[in-house]
Amino acid sequence: RAKHDGRGRTCLFNPELAATLLDRIALETDLRRACANQAIEVAYQPILDARTGRFTGAEALLRWTCETRGEVPPNVFVPVIEELGLIGTIGEMVLERACAAAASWPDHLGVSINVSPLQFGGGTLLATIASTLQRTGLAPHRLQIEITESALLADDTLVLQTLEALRASGLSIALDDFGTGYSSLSYLHRFPIDCIKIDRSFVTRLPHDTGSASIVRAICDLGTSLGLKIAAEGIETEPQRQFIVDHGCSHMQGYRFSRPLDAQAIAALFATSRGSKVAA
Ligand code: C2E
Ligand code: MG
Ligand code: MG
Ligand code: MG
């Protein structure tokens, strides 16, 4: 966090800064090793139809349990993986595992994966996804990719063309963390978006916080009038579930229904609850 506040400024040795840098280097070393040793894993959190309470699929989420640090949250390690230039490799690993997992679930269930804005950069995303679908035998309509507004900010034709080609090949596209970024309304018709995911920070404060309630209501109205699916993430309580159902959300996800599960556990859950109602 060095500041350029004046020429000729002498920088004295700062022990706190040095410690921060050393921590960071140690984290990078651990992460490189974890990536190389395939110690990064994928968990799956069920997504449900808000109206029927039936499972519609799951979101794939990266998990890293470090030998020395314990479980490190993806909000901490994904940005480092991006900076290390490893997100392409890790992204392909998630895609491969998630498609293979979903191909073993009942046909009506899909999988949603988070795609980093950096993964659009190489120009190979489309081909990678197509070959992974083919290899795993997963039908394209069972795969959804989640992008954040930062992927759209670049606004280059590459992102737009990639999204349009993905959509044309049968995938669906969700705009993740909606409401936290720029939330430019023009994105919603400029880009081929099928679903908006309302960020957990708003859902968490439902139903009592009037500000969050107004924002969620506005997002639901907007999404409904544009004919989009609307997913609410981070549902933990019955009043939160009731609120989002009453306001027209189509999908829901949260600890109220299930935490993220490992591949075996989610396969077992999906196998035993074929079409059955788990919440309503
Ligand atoms: P996200 O895509 O918005 O994922 C939703 C996050 O909300 C997940 O956190 C999930 O575990 C958490 N969550 C869901 N329901 C609840 C709930 O009821 N209560 C609480 N407290 N949390 C809930 P997680 O797994 O820690 O992931 C954080 C973020 O890391 C993700 O946010 C996503 O932006 C990023 N991420 C995770 N996996 C990947 C990946 O494979 N690729 C990329 N590029 N990013 C990833
Ligand atoms: Mg997501
Ligand atoms: Mg999200
Ligand atoms: Mg989020």
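Where an unreviewed UniProt entry is consulted, the protein chain appears under the name Diguanylate cyclase, with the organism given as Erythrobacter neustonensis.

### Regarding the environment of Ala168
By secondary structure assignment, the location of Ala168 is in helix 6 (residues 157-168). Sequence-wise, Ala168 and Pro140 are 28 residues apart; in three dimensions their C-alpha atoms are separated by 10.0 Å.

### Side note on helix 3 (residues 87-103)
For helix 3, built from 17 residues, the straight-helix expectation of 24 Å at 1.5 Å per residue is met to within 8% by its first-to-last C-alpha distance of 24 Å. Considered for burial, the residues of helix 3 that qualify are Ile87, Ile90, Gly91, Met93, Val94, Leu95, Ala98, Cys99, Ala101 and Ala102.

### Observations regarding the packing of helix 3 against helix 4 (residues 125-136)
Relative to each other, helix 3 and helix 4 sit at 35 degrees, their axes nearing to 9 Å. In terms of crossing hand, the pair formed by helix 3 and helix 4 is right-handed. On the side of helix 3, the interface is formed by Glu92, Leu95, Glu96, Cys99, Ala100 and Ala103, while helix 4 contributes Thr128, Ile129, Thr132, Leu133, Arg135 and Thr136. Along the lines of polarity and charge, the residues of the contact of helix 3 with helix 4 split into 6 nonpolar, 3 polar and 3 charged.

### Re the coordination of the magnesium ion (ligand 2)
Around the magnesium ion (ligand 2), the protein contributes the donor atoms Glu59 (OE), Asn114 (OD1), Glu146 (OE) and Asp176 (OD), at 2.0 to 2.2 Å from the metal centre. Between the donor residues of the magnesium ion (ligand 2), the gaps in sequence give the motif E-x54-N-x31-E-x29-D. Separating the magnesium ion (ligand 2) from the magnesium ion (ligand 3) is a gap of 3.8 Å, which Asp176 spans by donating to each of them. With Glu59 in strand 2 (residues 55-66) and Glu146 in strand 5 (residues 143-147), the pair connects residues that are 87 residues apart, well separated along the chain. With respect to class, Glu59 is no different from Glu146; both count as buried.

Calculation criteria
- Residues numbered from 1 in each chain as written.
- Chains lettered and ligands numbered in written order.
- Predicted model: local features only at pLDDT ≥ 70, side-chain atom pairs only at ≥ 80, totals over all residues.
- Heavy atoms only, no water.
- Helix = DSSP H or I, 4+ residues; strand = E, 2+ residues; numbered from the N terminus.
- Expected span 1.5 Å × (residues − 1).
- Buried < 20%, exposed > 50% of the residue type's maximum accessible area, 1.4 Å probe, protein only.
- Axes fitted to C-alpha atoms, helices over the stretch in contact; angles between N-to-C directions.
- Left-handed = near helix turned anticlockwise from the far one by under 90°.
- Contact = heavy atoms within 4.5 Å.
- Nonpolar A, V, L, I, M, F, W, Y, C, P; charged D, E, K, R; others polar.
- Donors = N, O, S within 2.8 Å, 3.2 Å for Na, K, Ca; no water.

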